[in-house]
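Observations on chain architecture
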Amino acid sequence: MAGSIGGTGSSNPSPNPSAPKILLAKPSAGPVPGKFGRGGVEDETAPHRARLPPVGSLNLLSDSWEFHIDRFLPFLTENTDFMVIGIIGPPGVGKSMIMNELYGFDGISPGMLPPFAIQSEDTRAMARHCTVGIEPRISAERLILLDTQSVFSPSVLSEMMRPDGSSTVSVLSGESLSAELAHEIMNIQLGVLLASICHILLVVSEGVHDNNMWHLMLTVDLLKHGIPDPSLITPPHSQSSTVGPDKEGKDNVHEGEEYMATPVFVHTKLQDQDLSPPNIVQMRKALLRYFSSSSFMRHKCGNTKINAKDTELLNLFVIPYKDKDDSPSAQCESYVSSLWKLRDQVLSMTCPSFTRNVSERDWLKSSAKIWELVKSSPIISEYSRTLLSSGMFRR
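Residues numbered from 1 in each chain as written. Predicted model: local features only at pLDDT ≥ 70, side-chain atom pairs only at ≥ 80, totals over all residues. Heavy atoms only, no water.

Some thoughts on the overall build of the chain
Within the chain, the secondary structure is distributed over 12 helices and 6 strands. Burial analysis of the chain (395 residues in total) assigns 48% to the buried set. Of all intrachain contacts in the chain linking residues separated by at least 6 positions in sequence, the fraction that spans at least 24 positions is 75%. Carbon and sulfur atoms provide 55% of the accessible area of the chain, an area that totals close to 18600 Å². (Helix = DSSP H or I, 4+ residues; strand = E, 2+ residues; numbered from the N terminus. Buried < 20%, exposed > 50% of the residue type's maximum accessible area, 1.4 Å probe, protein only. Contact = heavy atoms within 4.5 Å. Areas by Shrake-Rupley, 256 points an atom, 1.4 Å probe, with all protein chains shown as cover.)

So this is what it looks like as structure tokens:
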């Protein structure tokens, strides 16, 4: 994990000719929208459109739920001092906006698009999702950011549903599922992957009463067993020069413990009455109780007893609602300062590292292998069959 990444994101990183840097504005080959409304060139070979990410996109996941590394790999180096931050959450909670803040995008430079596309008014009015699959970016400070498609998204569900109700996407190897069940499994698979390949995972919810993401993360914690971190499936020759750090990394991993990204729970769009100190304390206590028996707590303290000193064991951030009709006031300043605080504290966090040292390029290659393990996981397959037999989803 990158120890050199500071507490603040740099909005104007200095040029570094030796390290490839991604453009803030994604290269666009034309105005023709793709299947999901993103810019791209119309491919003359129709069958390939269903398998590969759109042209001009660095997306790691295709429409058919396959992992592709070829477009992002050229931006990565053999550097081993980097940090991976992923984000997961439902539609419209501000995931891409948070990732732009972590990247250090200030939006001041004319003609510069943000690294992650933000939901437009038209997209919001049509109730469509903005991000598809996993959109990666890497900053000059070697901060790898993974923005993901929304979970619990009606538009994602509608696009993967055939007229007979079956799924167009094969989420489990060799199993045909209804679109609703496949959509549920997709959300879990996405969470398991991010928890396996990231150092920090931002879990974003809207308001104070939505605990769907809490429930999803508990399910991820339950079903992640047997999925290693990227450094453990890296080819041995890639780590021949890092025997010392590897041994030290092994010493930092407790016997029998599986790697789990450090979760940071973020609740956005809070109203003024929800931001009082007593309410925030209650939210922290509720979070601790909810995850008291999870591995998130075991990695922190090794016990499940909750007391007044435990309120910092799980990371919780709240971001107030931004009302565009408000005149410049303390509310808007509080919204902006909350994003700054989130960025500063996330980038300065000390989190468990991978078991061994691994380069950026090997991390990406190993992530593709981990994705295959996630899709073929017998535990997730058994969970899918349990959901199907429960009667909650149609066959």
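Here the narrative resumes, following the displayed structure.
Things to note about the environment of L347
Inspection of the secondary structure puts L347 in helix α10 (residues 330–347). For the pair L347 and L102, spaced 245 residues apart in the sequence, the C-alpha separation amounts to 7.7 Å.

Remarks on the pairing of strand β4 (residues 200–206)
The element β4 is extensively covered by neighbouring structure, given that 6 of its 7 residues are classed as buried. Looking at chain direction, β4 and strand β5 (residues 262–270) are connected through 7 bridges and run parallel. Counterpart to I200 in the pairing with β5 is T262. (Pairing = 2+ DSSP bridges.)

Re the pattern of salt bridges
Going through the model one piece at a time under the given rule, you end up with 7 salt bridges. Ionic pairing is found between K375 and E66, a salt bridge with its closest N-O pair at 3.2 Å. With K375 in helix α11 (residues 360–375) and E66 in the loop between α1 (46–49) and β1 (83–88), the pair connects residues that are 309 residues apart, well separated along the chain. Residue classification places E66 among the partly exposed positions, given a relative accessible area of 32%. R343 is paired through a salt bridge with D344; the nearest N and O atoms lie 3.2 Å apart. Members of the salt-bridge network, linked through shared partners, are E101, R343 and D344. (Salt bridge = Lys/Arg side-chain N within 4 Å of Asp/Glu carboxyl O.)

Some details on the packing of helix α5 (residues 179–197) against α11
Think of two packed helices as two axes; the pair is described by the angle between the axes and how far apart they sit. One can describe the packing of α5 onto α11 by two numbers: an axis separation of 10 Å at closest approach and a directional angle of 145°. Crossing of α5 over α11 shows right-handed handedness. Taken together, the residues of α11 that come into contact with α5 (itself represented by Q189, V192, L193, S196 and I197) are W363, S367, I370, W371, V374 and K375. Looking at the contact of α5 with α11 residue by residue, the classes come out as 7 nonpolar, 3 polar and 1 charged. (Axes fitted to C-alpha atoms, helices over the stretch in contact; angles between N-to-C directions. Left-handed = near helix turned anticlockwise from the far one by under 90°. Nonpolar A, V, L, I, M, F, W, Y, C, P; charged D, E, K, R; others polar.)

Here's the deal with the pairing of strand β3 (residues 143–148)
With 6 of its 6 residues buried, β3 lies for the most part within the structure. Of the two faces of β3, both are covered, the one formed by L143, L145 and D147 as well as the one formed by I144, L146 and T148. Note that β1 and β3 share 4 bridges and pair parallel. The residue bridging G86 from the neighbouring strand is L146, located in β3. Strand direction decides the pairing type here: strand β2 (residues 134–138) and β3, joined by 5 bridges, are antiparallel.

Brief notes about the nonpolar core
Across soluble globular proteins, you tend to see nonpolar side chains buried next to one another. Within the largest apolar cluster, 69 residues are counted, with the highest numbers of intra-cluster contacts made by L146 and W363. Considering each element in turn, this core owes the most residues, 11 residues, to α5. Formed by 25 residues, the second largest nonpolar core is a distinct cluster that contains L202, V264, V266 and C351. (Core = buried A, V, L, I, M, F, W, Y, C linked by side-chain atoms within 4.5 Å.)

Side note on the packing of aromatic side chains
A full pass over the atoms with the stated rule returns 9 aromatic pairs. The interplanar angle of 65° and the centroid separation of 5.5 Å between the aromatic rings of W214 and Y290 together place this pair among those described as edge-to-face. With W214 in helix α6 (residues 212–223) and Y290 in helix α8 (residues 277–290), this residue pair connects regions lying 76 residues apart in the sequence. On the basis of relative accessibility, which here comes to 27%, the residue Y290 falls in the partly exposed class. Each member of the aromatic cluster is reached from another via a ring pair, and the members are W214, F265, Y290, F291 and F296. (Phe/Tyr/Trp six-rings, centres within 6.5 Å; stacked < 30°, edge-to-face > 60°.)

Description of the packing of α6 against α8
Closest axis-to-axis distance for the α6/α8 pair is 11 Å, and the angle between their directions is 30°. As summarised for this structure, α6 and α8 are arranged roughly parallel, according to the angle between their axes. Like other packed secondary-structure pairs, α6 and α8 cross with a definite hand, here right-handed. Residues W214, H215 and L218 of α6 touch α8, and the partners they reach there are M283, A286, L287 and Y290. A class-by-class count of the residues in the contact of α6 with α8 yields 6 nonpolar, 1 polar and no charged. (Parallel < 35°, antiparallel > 145°, perpendicular 65-115°, else oblique.)

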